Amino acid sequence: MSTFFRRLSKATPIAFSHAFRGQSQSNSTHFRFPVGAIAAISGGISYFYYFSEPNLAHLDQINEETGPKTALNPDKWIEFKLQEKAKVSHNTQLYRFSFDPNLHLGLDVASCLITRAPLGEDAEGKTKYVVRPYTPISDPDSKGYFDLMIKIYPEGKMSQYFSKLNPGDVVEVKGPIEKIRYTPNMKKHIGMIAGGSGITPMLQVIEAILKNPDDNTKVSLIYANVSPDDILLKKKLDMLASSHPNLKVFYTVDNPSKYWVGRTGYISKDMASKGLPSPSDDTLILVCGPPGMMEHVSGGKAKDWSQGEVSGVLKELGYTEGMVYKF
């Protein structure tokens, strides 16, 4: 397994889910609003701190419950063990966490999970935690493991915690947190705008569509990054697009390299009008990225974290609140 993961890490970035799927079958343990500068894999949920006594459960406690067996629990923090990790890009790591190989994770499309890590003690001597949401990039139907792709920030409390993890270490997880319930053919055409690590919820929806032969949904993705080196999972996205005619992927970067042949600059009105489906009742636009990009493209969420009004580029193009979802 370690040799496999080392090979994977050198193939930056490649078709992770397909490579992992083959491994899991043979191993029961399974394994300008600068877009990349402040992007978070959180999928648009704000950073916050969580102060409370831990309400920690272990996987054997879940197995005592009746009904469907899943590894996640929305009401309890559960420890998941890190199995392997690999480098995806110059500032991004891939982490595989394992659990009972007979269980599904219990994640619907599109959903995220919440992680937490101890961050010292508060004034009363209680454990203080940093909490962050992440969207797994592994197939929700996989058993025994899930994968997180995490961008490491120099000042990121949670990402720095992840960067120091070694195989065998554990992370506390709770969930799932449902964002938008995707159902096959719910729209004729889904447009996506992602910035940096905001690609993770988009990939979750894309793979759910493409693996279902009865789902005829068309998908158009505009993926923005600072530079070509910051594009995450490009080889996988290109492979999916080349083998599925209902998926179109467009890239744009702020700082192109000498040999870059894609688009350059911020996501403009012209770029969106050419790359996304036109506004209609059969259209849905998903947006996920750093706050600056969100404000420019769709407007941010409201203060209460509801969807809020649509503004920016999408409003100028005629999209309404019912046609846009902000992760």
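Parameters and conventions
Every residue gets a number counted from 1 within its own chain, in the order that chain's sequence is written. It should be noted that, the model being predicted, local features are given only for residues of pLDDT at least 70 and side-chain atom pairs only at 80 or more, the latter also being counted only at that level, while totals for whole chains, interfaces and linings use all residues. Side-chain measures here rest on the full set of heavy atoms in the structure, leaving out hydrogens and waters. UniProt positions are given in the numbering used here, feature names are shortened, and annotations may be inferred rather than shown by experiment. Secondary structure counts use DSSP, requiring at least four H or I residues in a row for a helix and at least two E residues in a row for a strand, with both numbered from the N terminus. Relative accessible area decides the class of each residue, using a 1.4 Å probe on protein chains only: under 20% of the type maximum gives buried, over 50% gives exposed, and in between gives partly exposed. Exposure was quantified through the Shrake-Rupley algorithm and a 1.4 Å probe, taking into account, for residues, occlusion by the shown protein chains and nothing else. Counted as a polar contact is a pair of N or O atoms within 3.5 Å, where, for protein atoms, one must be capable of donating a hydrogen and the other of accepting one, and residues adjacent in sequence contribute only when both atoms are in side chains. Contacts: residue pairs with any heavy atoms within 4.5 Å of one another. By definition, two strands form a pair when at least two bridges between them are found by DSSP. For every element, the axis is a line fit to its C-alpha atoms; helices are fit only across the contacting stretch, and the angle between N-to-C directions ranges from 0 to 180 degrees. Every case where a carboxyl oxygen of Asp or Glu lies within 4 Å of a side-chain nitrogen of Lys or Arg is listed as a salt bridge. Oblique is the label for any angle not covered by the other classes, which are roughly parallel (under 35 degrees), roughly antiparallel (over 145) and roughly perpendicular (65 to 115). The hand of a helix crossing depends on one turn: near helix anticlockwise from the far one by less than a right angle means left-handed, and clockwise means right-handed. Each residue is assigned to one of three groups, with Ala, Val, Leu, Ile, Met, Phe, Trp, Tyr, Cys and Pro labelled nonpolar, Asp, Glu, Lys and Arg labelled charged, and all others, Gly among them, labelled polar. Ring pairs are drawn from Phe, Tyr and Trp, using the six-membered ring of Trp, whenever the two centres fall within 6.5 Å, and their geometry is named by plane angle: stacked under 30 degrees, edge-to-face over 60, tilted for the rest. Here, over-ring charges are defined by two tests on the NZ atom of lysine or the CZ atom of arginine: distance to the ring centre within 6 Å, and angle to the ring normal within 35 degrees.

- Looking at an unreviewed UniProt entry, one finds the protein chain named NADH-cytochrome b5 reductase and attributed to Lactuca virosa.
- One UniProt comment on the protein chain, placed under Cofactor (unreviewed entry), says "FAD".
- In the Sequence similarities (unreviewed entry) part of its UniProt record, the protein chain is described as follows: "Belongs to the flavoprotein pyridine nucleotide cytochrome reductase family."

Examining the overall build of the protein chain
(1) Moving on: A tally of helices and strands in the protein chain yields nine helices and 14 strands.
(2) Moving on: Of all 327 residues assigned to the protein chain, the portion counted as buried reaches 52%.
(3) Moving on: Carbon together with sulfur atoms contributes 52% to the accessible area of the protein chain, which is approximately 14500 Å² in total.

What to know about unusual backbone geometry
(1) Moving on: With an omega of 5°, the peptide bond between Val-109 and Ala-110 qualifies as cis.
(2) Moving on: Here Ala-110 lies in the loop between strand 4 (92–98) and strand 5 (111–121).
(3) Moving on: Cis peptide bonds are those with omega within 30 degrees of zero, and the linkage from Gly-175 to Pro-176 qualifies with 5°.
(4) Moving on: The topology assignment puts Pro-176 in strand 8 (residues 170–178).
(5) Moving on: The backbone of Leu-233 shows a phi angle near 60°, a positive value even though the residue is not glycine.
(6) Moving on: With respect to the helices, strands and loops of the structure, Leu-233 is situated in the loop between strand 10 (218–225) and helix 6 (234–243).
(7) Moving on: Its relative accessible area of 1% is what places Leu-233 among the buried residues.
(8) Moving on: Backbone geometry places Trp-305, a non-glycine residue, at a positive phi of 70°.

Brief notes about the side chain of Ser-227
(1) Moving on: Mapped onto the elements, Ser-227 comes out in the loop between strand 10 and helix 6.
(2) Moving on: A polar contact of 2.7 Å, which involves the side chain of Ser-227, links it to the side chain of Asp-230.
(3) Moving on: With sequence-adjacent residues up to four places away left out, Ser-227 is seen in contact with Val-253 and Asn-255.

Some remarks on the sheet that holds strand 10
(1) Moving on: Strand order in the open sheet formed by six strands is 12-11-10-9-13-14, with parallel pairing between adjacent strands. The open sheet terminates on both sides in strands that have one partner only, identified here as strand 12 (263–264) and strand 14 (324–326).
(2) Moving on: When strand 9 (residues 189–195) meets strand 10, the two strands line up parallel, connected through seven bridges. Across the sheet, His-189 pairs through a bridge with Lys-218, a residue of strand 10.
(3) Moving on: Taken strand by strand, helix 5 (residues 199–210) contacts strand 9, strand 10, strand 11 (247–253) and strand 13 (283–288), and its axis lies near 150° from that of strand 9.

Here we look at the UniProt feature "binding site: FAD" (unreviewed entry) in the protein chain
(1) Moving on: As recorded in UniProt, the sites labelled "binding site: FAD" (unreviewed entry) are Arg-132, Pro-133, Tyr-134, Lys-151, Lys-157, Met-158, Ser-159 and Thr-200.
(2) Moving on: Along the chain, Arg-132 falls in strand 6 (residues 127–134).
(3) Moving on: Mapped onto the elements, Pro-133 comes out in strand 6.
(4) Moving on: Judged by relative accessible area, Pro-133 falls into the buried class, the value being 2%.

Looking at the pattern of salt bridges
(1) Moving on: For the structure on display, the rule yields eleven salt bridges.
(2) Moving on: Residue Asp-141 pairs with Lys-211 through a salt bridge whose shortest N-O separation is 2.6 Å. Of the two residues, Asp-141 is situated in the loop between strand 6 and strand 7 (145–151) and Lys-211 in the loop between helix 5 and strand 10; the sequence distance between them amounts to 70 residues.
(3) Moving on: With relative accessibility at 48%, the residue Asp-141 sits in the partly exposed group.
(4) Moving on: Within the structure, one salt-bridge network assembled from shared partners comprises Asp-108, Glu-178 and Arg-181.

Focus on the packing of helix 5 against helix 6
(1) Moving on: Where helix 5 contacts helix 6, the axes come no closer than 12 Å and their chain directions differ by 30°. As summarised for this structure, helix 5 and helix 6 are arranged roughly parallel, according to the angle between their axes. The chirality of how helix 5 crosses helix 6 is left-handed. Residues Ile-199, Leu-203, Ile-206, Glu-207 and Leu-210 of helix 5 form the contact with helix 6, whose participating residues are Lys-236, Leu-237 and Leu-240.
(2) Moving on: Tallied by class, the residues present in the contact of helix 5 with helix 6 amount to six nonpolar, no polar and two charged.

Re the packing of aromatic side chains
(1) Moving on: Going through the model one piece at a time under the given rule, you end up with ten aromatic pairs.
(2) Moving on: Measuring from ring centre to ring centre gives 5.3 Å for Tyr-95 and Phe-162, while their planes differ by 65°; the resulting arrangement is edge-to-face. Separated by 67 residues along the polypeptide, Tyr-95 in strand 4 and Phe-162 in helix 4 (residues 157–163) bring together distant segments of the chain. There is no split in this pair, since Tyr-95 and Phe-162 are both buried.
(3) Moving on: Centroid distance Tyr-134 to Phe-162: 5.6 Å. Interplanar angle 80°. Geometry classified as edge-to-face. Of this pair, Tyr-134 sits in strand 6 while Phe-162 sits in helix 4, placing them 28 residues apart in sequence.
(4) Moving on: The exposure class of Phe-162 is buried, given its relative accessible area of 0%.
(5) Moving on: Three or more aromatic residues link up through ring pairs in this structure, and these residues are Phe-80, Tyr-95, Phe-97, Phe-99, Tyr-134, Phe-146, Tyr-161 and Phe-162.
(6) Moving on: The ring centre of Tyr-145 lies 3.9 Å from the NZ or CZ of Arg-96, which sits over that ring.

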